Structure formats: C-alpha cells, structure tokens
Amino acid sequence: MSDKYEFLEKALDKREKNHQFRSLRPITPRGHKNEVTSKGKTYVNFSSNDYLGLATHPQVIQQSQNYLQKYGAGAKASRLVTGTLAIHAQLEQQMAAAFNKEAALIFNSGFQANSSILGTITDRHSLILADKLSHSSLLQGALAGRADFQRFDHNDLHHLEELLQKARQKNFNRIWIVTETVFSMDGDRSPLNEIAELAKAYNALLFVDDAHAVGVWGQNGLGLAKEIDGVDILLGTCGKAFGSFGAYVACSKKMKEYLINFCPGFIYTTALPPAVIGATAAALELIPTLKQERNVFHRRIKEFRQSLQQLGFNTGPSSTQIIPVIIGDEKRTLELAGYLKKQGILATPIRPPTVPRESSRIRITLSASHSDEDIEKLLTSLKNFNHE
Ligand SMILES: *Cc1c(COP(=O)(O)O)cnc(C)c1O
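Residues numbered from 1 in each chain as written. Predicted model: local features only at pLDDT ≥ 70, side-chain atom pairs only at ≥ 80, totals over all residues. Heavy atoms only, no water.

(A) Representation of the sheet that holds strand β12 (residues 345-346). One open sheet holds the 4 strands; their spatial order is β1-β2-β3-β12, and the pairing between them is mixed. Since the sheet does not close on itself, it has two edges, and those belong to β1 (28-29) and β12, each with one partner. Of the pairings in the sheet, the one linking strand β3 (residues 41-45) to β12 comprises 2 bridges and is parallel in character. The residue of β12 that forms the bridge with N45 is L346. (Pairing = 2+ DSSP bridges. Helix = DSSP H or I, 4+ residues; strand = E, 2+ residues; numbered from the N terminus.)

(B) Structural context of the nonpolar core. Judged by nonpolar contacts, the single largest core of 83 residues is most densely connected at M95, F99, L164, I177, F304, I364 and L366. Here the element with the most residues in this core is helix α11 (residues 274-286); it accounts for 8 residues. Discounting chain neighbours no more than four positions away, the residues touching F304 are I323, I364, L366, I375, L378 and L379. Ranked by size, the runner-up nonpolar core spans 24 residues in total, among them L118, A147, F207 and C251. (Core = buried A, V, L, I, M, F, W, Y, C linked by side-chain atoms within 4.5 Å. Buried < 20%, exposed > 50% of the residue type's maximum accessible area, 1.4 Å probe, protein only. Contact = heavy atoms within 4.5 Å.)

(C) Broad picture of the sheet that holds strand β13 (residues 348-350). In spatial order, the strands read β11-β14-β13; together these 3 strands make up an open sheet with antiparallel pairing. Either end of the sheet is taken by a strand with one partner, and the two such strands are β11 (322-328) and β13. Averaged over all neighbouring strand pairs, the angle between strand axes comes to 30°, with direction disregarded. Across 6 bridges, β11 lies against strand β14 (residues 360-365) in antiparallel orientation. Across the sheet, I322 pairs through a bridge with T365, a residue of β14. With respect to the sheet, helix α13 (residues 330-342) is in contact with β11, β13 and β14, its orientation differing from that of β14 by roughly 35°. (Axes fitted to C-alpha atoms, helices over the stretch in contact; angles between N-to-C directions.)

(D) Inspection of helix α1 (residues 6-17) at higher detail. Here α1 contains 12 residues, and its C-alpha end-to-end distance of 17 Å stays within 8% of the 16 Å for a straight helix at 1.5 Å per residue. Immediately downstream of α1, the backbone of H19 shows phi near 55°, a positive value. (Expected span 1.5 Å × (residues − 1).)

The following block contains the structure:
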C-alpha cells in the first residue's frame with residue numbers, strides 16, 4: 001500500500017495549482033463598527049453578513065448578557081431531554097407570530113437544519129426539485145436523503161414546471177420544491193410568488209430558505225417568504241442580519257411536531273445556549289423597528305450598485321445587499337482581493353467550486369452599519385484597480 005496520507009497532499013496541491021486553495025485568516029473586530037485588525041493592520045470589513053450591525057447592538061449584547069447571567073453558559077442537554085428552557089419556547093412563539101405561522105422551531109444552525117430536514121421530510125418515493133444555485137447545505141440535505149433529487153435551472157419557472165409535469169408520470173408520494181428568497185452568491189431574488197403558484201397547481205410542498213432576506217427585506221424587515229401563501233417550511237438563519245447564531249423553521253404545528261419527532265439534526269444535538277437565545281430574541285424585537293435604517297440602506301445598496309456599473313464592473317443579477325463583482329478569472333480575482341487588502345478593505349474572493357467556473361468574483365456584502373466613508377473608500381479602490 002502507498003502512503004496513506006498521500007490523498008491530503010494530492011488534493012491540496014491541486015487546489016493550489018488552480019488558485020482555489022482556501023485557508024483561514026483570523027481577524028479581531030474593533031469597536032462597534034465594521035473595522036477589524038489583522039496582523040497589526042486595520043481593515044473595513046465588506047464580507048460580513050451582519051447586515052444591520054446587530055452583532056454589536058447594545059440591546060442585543062445586553063439581553064445576551066442577561067440570559068447568560070441568569071441561565072448559565074450552556075443549555076446542558078438536547079431539546080428533547082432537558083435542553084428546552086422557557087426562553088427557547090418563548091422565542092419560538094415570538095418567531096411564529098413574527099413570521100405569520102402557527103409554529104416555529106429553533107435549530108442550531110442553518111447548515112444543520114438544511115442538511116437534515118430534507119432527508120426527514122422525504123423518503124425513497126419522494127421527489128426534491130431544488131434551484132440549481134441553492135446553498136450547499138440544502139444540496140447536502142437533498143443528497144443525504146433517499147428521495148429522487150433533481151435541480152431546476154436557476155429561477156427558471158419553465159424548467160421547474162417541465163420537471164413537475166414529468167413527475168406526474170411517476171408515482172411520487174410527495175414533491176418538495178426547494179428555493180431561496182435571496183441567493184447567497186449572486187444576490188438576486190427568486191420569483192417566489194410564481195413558484196408558490198406552481199407548487200399549488202402541482203400539489204407540491206414548498207421549502208424556502210430566507211437566510212439573506214430576513215432583517216433586510218420584506219414587510220417590517222421580516223423577510224420575503226412570510227408574505228407568500230403556501231410556504232410549508234420557511235427557514236431563516238440568525239447568524240446573518242440577526243447578528244446572532246442559529247436558525248429557525250416557521251411552519252404549521254403538525255410540521256413542527258413531525259420535525260421534533262423525526263429530524264436528527266434537531267434531536268441529536270445540544271440546545272442553543274442562553275446567551276445566543278438572548279441575542280436572537282433581542283434582534284427579533286429590534287428588526288421591525290429599524291424601518292428608517294432599512295430605507296436608507298436600500299437606497300445606498302442601489303446607489304452603490306449603480307456606481308459599480310458605471311465603473312464598468314459586472315455585478316451580475318444582484319438586486320440586494322449581496323453584490324458580486326464578477327471578474328471571471330481566478331488569478332485576476334485574487335489580485336483584486338489582494339489590491340483591496342492593501343487599501344485596507346476586506347472583501348473575500350469567491351472561486352469555484354463555490355461558484356461556477358469562469359465566474360470568480362469578489363463578493364461584497366453591504367451592511368446598514370457601513371459609513372458613507374467606508375463605501376467611498378471601497379469605490380475609490382475598485383476604480384483605481386480598474387485603471388492599473
Ligand atoms: C448562511 C446560509 C445558511 C447556513 O446558515 P448557518 O446558520 O450559517 O449555518 C443556509 N442557507 C443559506 C441560503 C445561507 O446563506
């Protein structure tokens with residue numbers, strides 16, 4: 001037998017050669033702005049998902065501290081054992097009300113929820129139809145289960161309907177349509193109304209991941225999925241605009257009971273700790289009150305996108321706070337990221353396999369907490385790179 005560790009070097013070398021090698025770069029947040037330091041240098045962070053700046057909001061920190069003091073550092077058990085504290089149950093009630101559903105269930109992370117729910121709500125007689133650009137966690141979930149799994153072209157209603165029609169010839173016990181509201185790599189939105197209509201017409205169930213919309217878009221900033229009739233599982237995450245951690249599913253009472261009874265990603269894990277529940281509860285209370293901030297934020301997103309386009313950058317189909325600067329070539333993308341870093345800007349390059357080939361990009365995420373100066377600085381740097 002050859003060297004049993006050879007696979008490590010082989011795979012990593014290949015990544016390196018393709019300019020796809022990934023590594024971790026520790027940073028230290030500074031104060032309550034978007035500033036971070038790394039190796040003694042200061043940067044403005046344009047890659048965080050803290051879309052409203054709530055991770056450092058005084059009320060969020062305060063309630064997190066309160067719960068920590070009162071209830072301790074850990075939940076001490078899984079939810080079904082003794083890990084369901086009154087604060088978990090209370091937050092779930094508040095979430096259900098906020099998202100217009102009968103019930104809500106907290107999960108430890110969006111990844112954990114997505115990668116375990118799809119296998120739980122389907123069996124080998126079921127069909128999952130997921131948007132091609134769905135988040136990796138959803139793909140993991142679909143592949144982990146035993147259902148037939150097909151992907152429809154991104155946001156393509158015709159393709160989705162074609163697959164639904166074909167499915168009629170088979171005897172699936174149920175069909176789940178899976179999509180997102182705002183897509184994480186392109187920052188575009190799905191035609192959710194039309195997808196919900198298709199689900200209804202073909203008697204399919206609908207699973208919607210609202211991770212990047214909640215907090216930023218929709219009525220009271222509570223996302224784009226809650227306004228749509230017929231969403232059977234509305235999933236959101238608390239690690240983004242909530243500034244906290246964890247995820248939730250808003251659904252019917254029956255669906256919640258089913259997940260509590262059958263979903264391994266919910267059952268076999270320790271409940272979220274009190275400090276996290278406190279932060280999330282405070283954020284949920286704050287989000288609907290930040291109307292003014294959101295209005296300013298929406299305007300700024302639009303202006304920033306337009307400025308980029310005027311500079312000749314390709315921002316793809318983005319219509320949200322996630323704005324890809326699509327460069328195409330991996331090496332050139334890394335050069336741009338390096339250049340921005342020199343200018344004191346953190347903007348993460350995203351390369352295949354996370355995005356399709358030839359679509360390497362700098363993924364910029366704007367936050368309502370960025371200052372005008374922050375944005376000016378980013379625009380100037382991008383402009384100068386273009387002229388290099
Ligand atoms: C971030 C994200 C997740 C994962 O959520 P975590 O709570 O960070 O694990 C799931 N789905 C989408 C669309 C996401 O963007």
